[in-house]
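So the chains spell out like this:
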Amino acid sequence: MPAAHADHLRAPLYGLGSRRRTGPRERPITIRSDRRGPPVRPRGRPPAAAAESEDAGHLLLARRCDIAVVIPSEQTPAADDARFAQWPVLDEPQDLLVPAGHPLAARGAVGLADAAGEPWIGSPDRCDQHQHMLAACAAAGFTPRLAHEANEWFAVSALVARGFGIGLVPRLAPLPPDEAVVRVALRGAAAPSRRIIAIVRRGSETQPPIARGLEALRAAARR
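Everything quoted here is computed from the prediction, not taken from an experiment. (Residues numbered from 1 in each chain as written. Predicted model: local features only at pLDDT ≥ 70, side-chain atom pairs only at ≥ 80, totals over all residues. Heavy atoms only, no water.)

Draft legend 1. Here's a closer look at the overall build of the chain. Tallying secondary structure elements over the chain gives 4 helices and 8 strands in all. When its helices and strands are written in sequence order, the chain yields α-β-β-β-β-α-β-α-β-β-β-α. When burial is assessed residue by residue, the chain has 48% of its 223 residues classed as buried. Sequence-distant contacts, at least 24 apart, represent 74% of the contacts inside the chain between residues at least 6 apart. For the chain, the exposed surface amounts to about 10,900 Å²; the carbon and sulfur share of it is 52%. (Helix = DSSP H or I, 4+ residues; strand = E, 2+ residues; numbered from the N terminus. Buried < 20%, exposed > 50% of the residue type's maximum accessible area, 1.4 Å probe, protein only. Contact = heavy atoms within 4.5 Å. Areas by Shrake-Rupley, 256 points an atom, 1.4 Å probe, with all protein chains shown as cover.)

Draft legend 2. The arrangement of the nonpolar core in detail. In this structure, L96, L112, W120 and L168 are the most contacted members of the largest nonpolar core, which totals 17 residues. At the level of secondary structure, the elements contributing two or more residues to this core comprise strand 2 (84-99), helix 2 (128-139) and strand 7 (181-187). Apart from the residues lying within four places of it in its own chain, the contact partners of L168 are Q94, D95, L112, W120, Q129, M133, A136, W153, L186 and P192. Residues V69, A85, L90 and I210 belong to the second largest nonpolar core, which totals 12 residues. (Core = buried A, V, L, I, M, F, W, Y, C linked by side-chain atoms within 4.5 Å.)

Draft legend 3. Layout of the confidence of the model for the chain. Per-residue pLDDT for the chain averages 78, and the proportion of residues at 70 or more is 75%. This stretch, residues 1-23, has a pLDDT under 50; its non-local contacts, to residues over four places away or in other chains, come to 98 contacts. (pLDDT = per-residue confidence, 0-100.)

Draft legend 4. Focus on the pairing of strand 2. With 9 bridges connecting them, strand 2 and strand 8 (residues 193-201) associate as antiparallel partners. Note on strand 8: the bridge partner recorded for E92 is R194. With 4 bridges connecting them, strand 2 and strand 6 (residues 167-170) associate as antiparallel partners. Note that in strand 6 the partner of Q94 across the bridge is P170. Inspection of the sheet shows strand 2 paired to strand 7 by 5 bridges, in the antiparallel sense. Across the sheet, residue P99 finds its bridge partner in strand 7, namely V181. (Pairing = 2+ DSSP bridges.)

Draft legend 5. Local environment of the packing of aromatic side chains. All chains considered together, the criterion is met by 1 aromatic pair. Relative to F142, the ring of W120 lies with its centre 6.1 Å away and its plane at 40 degrees, an arrangement referred to as tilted. Taken together, the residues span a long stretch of sequence, with W120 in strand 4 (residues 119-122) and F142 in the loop between helix 2 and strand 5 (145-149) at a distance of 22 residues. The exposure classification of W120 matches that of F142, with both residues buried. Taking the ring centre of W87 as reference, the NZ or CZ of R218 above it sits at 5.8 Å. (Phe/Tyr/Trp six-rings, centres within 6.5 Å; stacked < 30°, edge-to-face > 60°. Lys NZ or Arg CZ within 6 Å of the ring centre and 35° of its normal.)

Draft legend 6. Examining the pattern of salt bridges more closely. For the structure shown, the criterion picks out 8 salt bridges. One continuous salt-bridge network, built from bridges that share partners, spans D95, R171 and R183. (Salt bridge = Lys/Arg side-chain N within 4 Å of Asp/Glu carboxyl O.)

Draft legend 7. Molecular detail of helix 4 (residues 208-222). In this model, helix 4 (15 residues) spans 21 Å end to end at C-alpha, consistent with the 21 Å of a helix rising 1.5 Å per residue. Along helix 4, the residues that are buried comprise P209, I210, R212, G213, L214, A216, L217 and A221. Against the buried residues of helix 4 lie strand 1 (68-70), strand 2 and strand 8. (Expected span 1.5 Å × (residues − 1).)

Draft legend 8. Summary view of the environment of R218. Relative to the helices and strands, R218 is located in helix 4. By relative accessible area, which is 39% here, R218 ends up partly exposed. For R218 and V89, which are 129 residues apart along the polypeptide, the C-alpha to C-alpha distance reads 6.4 Å.

As structure tokens, this is what we get:
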């Protein structure tokens, strides 16, 4: 069935908060359109929703997904790649995650370099968030000393709460409310944030299901 006449997207959406592995796993979401059309519902093979940003171009061209929401890198499609259309969605600040009672926890904001001597909780090498953490620390003038590795935000939080290290977490990352951890805002020129963009196959953005998905992403980013 041509995409213009489809009621649903052909394959899983990459969405903010989805289980794409931009870092430790996050919860799936459903993106709903407004009243002008049916809900935008992921459909297809779930593994497509668990890929890294570097896989986005291949999955889009293979029609295994219709909207990829990714952190741009050298491995994602270039902005001038004629096969794709791209839009910025969100610039998401990163926070330092420290145990309650840590000396940095009492400060309203810190520079990333203030944490240079701390042990760090990382994530698997292929995760976008891990690469982002390494780049942010390098920009602040140090290489983080990795003490442990975790693949879930809740696991990162648990390790931090128990004093095994500190972490860098996106502002929107879900954390358990009962863990003894503190998010500390980062300041200064090296304060990291991650840019999140949406990518589609060029020309597909006018197809109703995909247009509604993009509209839903823009609305979510404005909230």
